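Given next are the chains, with one letter for each unit.
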Amino acid sequence: MGKLKVYYGWVRLGNIRKKRAISVMFENELQGCRSDRGQRVLKAAQETVIERYQDAEEEKAAKDCNRIFTEYSLFLDEKPINGSLNKILQMNSDADKKHVSKEMRDKISEALRKSFMQANRKYKEPCGQFELNFNDL
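All of the points below concern the structure found in this document. Note that the structure is a prediction, hence the values are computed from the model and not measured.

**Some points on the sheet that holds strand 4 (residues 69-75)**
Argument step 1. Reading across the sheet, the four strands line up as 3-1-2-4 and stay open at both edges, with antiparallel pairing between neighbours. Two strands in the sheet have a free side with no partner beyond their single neighbour: strand 3 (46-53) and strand 4. The average undirected angle you get between the axes of adjacent strands in this sheet is 20°.
Argument step 2. Where strand 1 (residues 5-11) and strand 3 come together, seven bridges link them in antiparallel fashion. By the bridge assignment, valine 11 is partnered in strand 3 with glutamine 46.

Take a look at the structure:
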């Protein structure tokens, strides 16, 4: 395992960010990310739920970056997710397939689900159109 971390959480909403999203923040350097300033940046950007270490391939990509964090977001209320918590967690898990074990992906999804449900107690999964998934056959 590497020394750089990946932080998973939900975006902090405010004047700048107005859409609910899963936020995945990758560290690009140890000194800047783990400093007080780096941790303040992280806390301002997201409510961190769970973290893991990057694998070797992810760390190689981090060496070419000039920022202390790289963020990827999946927006809950935009297409193709359309407000579905199950769909957004599945998409996040699929994005990590090459770098994270199935057990860890399940742990990440469960932590994100638990955090979301605590903040949104009245949430109900939207019932949209019937969807066929031929990949499970």
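Don't stop here, the text continues.
**Focus on helix 5 (residues 102-119)**
Argument step 1. Over its 18 residues, helix 5 extends 26 Å from the first C-alpha to the last, a length consistent with the 26 Å expected when each residue adds 1.5 Å.
Argument step 2. Residues of helix 5 that are buried include every one of Met104, Arg105, Ile108, Ser109, Ala111, Leu112 and Phe116, and no others. Seen along its axis, helix 5 keeps its buried residues to an arc of 165°; they face one direction. Set apart from the buried face of helix 5 by more than 90 degrees, the exposed residues are Glu103, Lys107 and Lys114.
Argument step 3. Those residues of helix 5 that are buried lie in contact with strand 1, strand 2 (21-27), strand 3 and helix 4 (85-95).

Conventions we followed
Residues numbered from 1 in each chain as written. Predicted model: local features only at pLDDT ≥ 70, side-chain atom pairs only at ≥ 80, totals over all residues. Heavy atoms only, no water. Pairing = 2+ DSSP bridges. Helix = DSSP H or I, 4+ residues; strand = E, 2+ residues; numbered from the N terminus. Axes fitted to C-alpha atoms, helices over the stretch in contact; angles between N-to-C directions. Expected span 1.5 Å × (residues − 1). Buried < 20%, exposed > 50% of the residue type's maximum accessible area, 1.4 Å probe, protein only. Arc of directions from axis to C-beta. Contact = heavy atoms within 4.5 Å.

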